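Each chain, letter by letter, is given below.
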Amino acid sequence: AMLNALTFAPMVISGVVLGVALLSLYDALNFPRGFFGLVIAHTLFSLPYVVVVVSSRLAGFDRSIEEAAMDLGAPPFKVFTAITLPIIMPAVASGWLLAFTLSLDDLVIASFVAGPGSTTLPMVVYSSVRMGVSPQINALASLIVLFVSLAVIVAGLAMSRRGAGR
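Residues numbered from 1 in each chain as written. Predicted model: local features only at pLDDT ≥ 70, side-chain atom pairs only at ≥ 80, totals over all residues. Heavy atoms only, no water.

## A short note on the overall build of the protein
Test applied: Secondary structure elements follow DSSP: runs of H or I of four or more residues count as helices, runs of E of two or more count as strands, with numbering from the N terminus. Each residue is assigned to one of three classes by its accessible area relative to the maximum for its type, calculated with a 1.4 Å probe on protein chains only: buried under 20%, partly exposed between the two thresholds, exposed over 50%. Residue contacts are defined here by distance: any two heavy atoms, one from each residue, within 4.5 Å place the two residues in contact. Surface accessibility in these figures is a Shrake-Rupley result with a 1.4 Å probe; residues are shielded only by whichever protein chains are displayed. Two residue types count as positive, namely Lys and Arg, and two as negative, namely Asp and Glu; His and chain ends fall outside the count. Charged groups are reduced to one reference atom each: NZ for lysine, CZ for arginine, CG for aspartic acid, CD for glutamic acid.
Scanning the protein from N- to C-terminus turns up 8 helices and 0 strands. Counting from the amino terminus, helix and strand elements in the protein follow one another as α-α-α-α-α-α-α-α. Along the longest, intermediate and shortest principal axes, the C-alpha atoms of the protein span 65 × 40 × 25 Å. In the protein, which comprises 166 residues, the proportion classed as buried is 24%. Looking at the protein alone, contacts between residues at least 24 apart form 66% of all its contacts between residues at least 6 apart. Carbon and sulfur atoms make up 72% of the accessible area of the protein, which totals about 11300 Å². Taken as two groups, the 8 positive and 7 negative side-chain charges of the protein have centres that lie 11 Å from each other.

## Focus: helix α2 (residues 15-28)
Note the cut-off: For a helix, the expected span equals 1.5 Å multiplied by the residue count minus one. To obtain the arc, one takes the directions from the helix axis to the C-beta atoms.
Across its 14 residues, α2 extends 20 Å between first and last C-alpha, which sits within 8% of the 20 Å expected from 1.5 Å per residue. Taken together, the buried positions of α2 are L18, G19, L22, L23 and Y26. The buried residues of α2 all sit within an arc of 135 degrees when viewed along its axis, so they share a single face. Summarising the contacts, the buried residues of α2 are in contact with α1 (2-12), α3 (35-59) and α6 (108-113). Directly after α2, the chain includes N30, whose backbone phi takes a positive value near 55 degrees.

## Digging into the side chain of T120
Structurally, the position occupied by T120 is in the loop between α6 and α7 (121-129). Excluding residues within four positions of it along the chain, T120 makes contact with L38 and A110.

## So, the side chain of E66
Looking at the element boundaries, E66 is found in helix α4 (residues 63-71). With near-sequence residues (within four places) excluded, E66 lies in contact with F61, V79, I83 and T84.

## Re the pattern of salt bridges
Keep this limit in mind: Whenever Lys or Arg places a side-chain nitrogen within 4 Å of a carboxyl oxygen from Asp or Glu, that contact is recorded as a salt bridge.
A full pass over the atoms with the stated rule returns 1 salt bridge. In this structure, R63 engages E66 in a salt bridge whose closest nitrogen and oxygen atoms are separated by 3.5 Å. With a gap of 3 residues between them, R63 and E66 both fall in helix α4, about one helical turn apart. Taking relative accessible area as the criterion, R63 reaches 43% and is therefore assigned partly exposed.

## What about a nonpolar patch on the surface?
Which entries qualify depends on this criterion: A patch consists of residues whose relative accessible area exceeds 30% and which take part in no salt bridge; residues with like charges are grouped when within 9 Å of each other, and nonpolar side chains (Val, Leu, Ile, Met, Phe, Trp, Tyr) when within 5 Å.
Together, W96, L97, F100, L104, L121, I144, F147, V148 and V152 give the surface a local cluster of nonpolar side chains, amounting to about 870 Å² of exposed area. Residue class for V148 comes out partly exposed when judged on its relative accessible area of 44%.

## Side note on the environment of L143
In this fold, L143 is placed in helix α8 (residues 135-165). Given the relative accessible area of 56%, L143 is considered exposed. In sequence terms L143 and S127 are 16 residues apart; their C-alpha atoms lie 19 Å from each other.

## Focus on the environment of L97
If you trace the backbone, L97 turns up in helix α5 (residues 76-105). Owing to a relative accessible area of 48%, L97 belongs among the partly exposed residues under this scheme.

The following block contains the structure:
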């Protein structure tokens, strides 16, 4: 219960509170603010969402498949890479996409933990938009929409091929 509470706490805590808490922790530990601080903050922020997605996939996972592979002599690492990982890979990919999207969208926590020399894309966009929308921001938005559209089309084609192959 305590592990679940600690894992899911960043989901229910406000971004401002989490940003201030991380900033206070970094200052107390004399941890340099910058790239690694941003990586740790975004990992902490995104981890609960990935845990929810992957654990929901593991809840319906049939462990007898792993047991059968181990009974046939497969070592634990081989069982994980050949059986478990392919079964949960869609959930891992979904969790990664969700974490990437949340990280790309996060401005509040990044503004607290980013050092003076580091910046993120949302911070650049926000600082540019405050002065007026420039053509560069429009181009960036167009590229993001194009990238997401292509990703959705590729995923749709992959899913339709997988469905047709069954």
